[in-house]
Every structure is written in C-alpha cells, then in structure tokens.
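Results of the structural survey
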Amino acid sequence: MNRILQIAQLGNPILYQRAKEINDIEIESDFISDMKITVADANGVGLAAPQVYEPKRIFIIASKPNIRYPNAPEMKPTAIINPEIIWTSEEIVNDWEGCLSIPGLRGFVPRFKSIKAEYYDENGERQQSIFDDFIARIFQHEYDHLNGILFLDRIENTKDLLSEKEFQKQILTK
Ligand code: ZN
C-alpha cells in the first residue's frame, strides 16, 4: 500500500544534516513509490528523502507542468540514488525555484546550466547522465537537500526572494 508522506518544513533539523548512502536499493522500493506519490500529490517537480524525514541519499525528479511550475518539461518520475555530480558547465544560470519544505516562497537561484552525474537507479543499475537547464536545476536543488543545503543558502541577495503571491503576479503572468 502506497501512502502520501509528511513533508518536513523549514526549521526542522532533518533538513540540515547530511543524508546517508544507501547500501541495499531493493529494500527502498516501497519508499521510492511513496516518494513518487507524495511529490505528485504536492505538485512538486522533485523531492528528496530528508524532506520526508528519511536521512537517505535518494531523491525523485518528477518534472511535469503543474500549477506550481507551468513551464516544466515532462519526464517520467525518476529515482536518483547515491548521486555524485562529476562535471559542471562553466555557465551558470539564475531562475526561480520553490521548495515543498519552504511553502509560500520563491527564490532566484544560481545553478550550473548543465551537469554530468553518476547515480544508481531504482533497479540498482549504475547510471551516468548529462542534465541540462530545468532538469539540471532540479537535480542540483535535490542534491543539495542530501547535504543539508536549502535554496535559501544559495541566493545572493534577499531581493531575490518573492512571496508565492508576488511570484504569480510578477513572474508567471509575464
Ligand atoms: Zn527543496
């Protein structure tokens, strides 16, 4: 039986610690299914295990257009386990991000435009992939969660923070 998991909110200590490597991917399969259901239910495009109170090096990328991210590209929800970023582009781009653990706030966050990563998929296969643009942004955001880092730690100026209401008004309707 799959279930929707509770999402830890800004200030919870679980969001500020380094998550632990996974040794046995097979036993995580129910948890990974629960995470996929949870991120879809919350209109997220990504979710990291520490956000659902599990300090494990697992996250889901589940980009698709929704009310929070109308322009997100569509992709199959993908579990990323024990990831490592092994290359980053020189180019850095700023764009707006939100976080299911920081409701009501958006930040204009600098991220590498492209990254190359190694990780295990949910079948335990080692993968190496290049991610670009919005998917690379999600990857870097979720990867940060595994190291106890939030997008608030990445913004360069408090003026790069907007309330959700102002984001909808100023950015989405542009
Ligand atoms: Zn987040």
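Structural notes, computed from the coordinates. Note that the structure is a prediction, hence the values are computed from the model and not measured.

**Details of the pattern of salt bridges**
By the definition in use, this model includes 15 salt bridges. Here E21 makes a salt bridge to R57, at a shortest N to O gap of 3.7 Å. Residue E21 is located in the segment before α1 (29–41), and its partner R57 is located in the loop between β1 (46–48) and β2 (58–61); the two are separated by 36 residues in the primary sequence. With a relative accessible area of 3%, R57 lands in the buried category.

**Some remarks on the coordination of the zinc ion**
Coordination of the zinc ion by the protein comes from C99 (SG), H141 (NE2) and H145 (NE2), over a distance range of 2.0 to 2.2 Å. Donor residues for the zinc ion sit on one chain with the sequence pattern C-x41-H-x3-H. Taken together, the positions of C99 in the loop between β4 (92–97) and β5 (105–112) and H145 in helix α2 (residues 133–146) put the pair 46 residues apart, joining distant regions of the chain. Summarising the burial analysis for this pair, C99 and H145 share the class buried.

**A word on the sheet that holds β1**
Here five strands make up an open sheet; going across it, the order is β1-β2-β3-β6-β7 and the pairing antiparallel. Both edges of this open sheet fall to β1 and β7 (126–132), since each of them pairs with a single strand only. Taking each pair of neighbouring strands and ignoring which way they run, the sheet shows an average axis angle of 40°. Across five bridges, strand β3 (residues 78–88) lies against strand β6 (residues 114–120) in antiparallel orientation. In the sheet register, I85 faces β6, and the bridge partner there is A117. Contacting β1, β2, β3, β6 and β7, α2 runs over the sheet at an angle of about 155° to β2.

**As for empty space enclosed by the protein**
Overall, the coordinates contain one cavity of 30 Å³ or more when judged by the stated rule. In this model, the largest cavity occupies a volume close to 150 Å³. Lining the largest cavity are 17 residues, and of these V45, Y69, G98, H141 and E142 lie nearest its centre. Broken down by secondary-structure element, the contributors of at least two residues to the lining of the largest cavity are β4 and α2. In terms of residues, the lining of the largest cavity owes the most to one element, α2, which gives six residues. Of the residues belonging to the lining of the largest cavity, the class tally is seven nonpolar, six polar and four charged.

**Examining unusual backbone geometry**
Of note, N43 is a non-glycine position whose phi angle comes to about 55°, a positive value. Residue position: N43 is located in the loop between α1 and β1. The residue Y53 is not glycine, and still its phi comes out positive at about 70°. Of note, Y53 is situated in the loop between β1 and β2.

**Details of the sheet that holds β5**
The three strands lie next to each other as β4-β5-β8, forming an open sheet whose pairing is antiparallel. With one partner strand each, in any of the chains shown, β4 and β8 (161–163) form the two edges of the open sheet. Across the sheet, the axes of successive neighbouring strands diverge by a mean angle of 25°, strand direction being ignored. Strands in contact with α2 are β4 and β5; relative to β5, the strand with the most contacts, it is inclined by about 105°. Across the sheet, helix α3 (residues 164–172) lies against β4, β5 and β8, angled at about 100° from β8, the strand it touches most.

Calculation notes
Residues numbered from 1 in each chain as written. Predicted model: local features only at pLDDT ≥ 70, side-chain atom pairs only at ≥ 80, totals over all residues. Heavy atoms only, no water. Salt bridge = Lys/Arg side-chain N within 4 Å of Asp/Glu carboxyl O. Helix = DSSP H or I, 4+ residues; strand = E, 2+ residues; numbered from the N terminus. Buried < 20%, exposed > 50% of the residue type's maximum accessible area, 1.4 Å probe, protein only. Donors = N, O, S within 2.8 Å, 3.2 Å for Na, K, Ca; no water. Pairing = 2+ DSSP bridges. Axes fitted to C-alpha atoms, helices over the stretch in contact; angles between N-to-C directions. Contact = heavy atoms within 4.5 Å. 1 Å grid on protein atoms, 1.4 Å probe; cavity = no way out; pocket = protein on both sides within 12 Å on 5 of 7 lines; lining within 4 Å. Points joined across faces, edges and corners; volume = space filled by probe spheres on them. Nonpolar A, V, L, I, M, F, W, Y, C, P; charged D, E, K, R; others polar.

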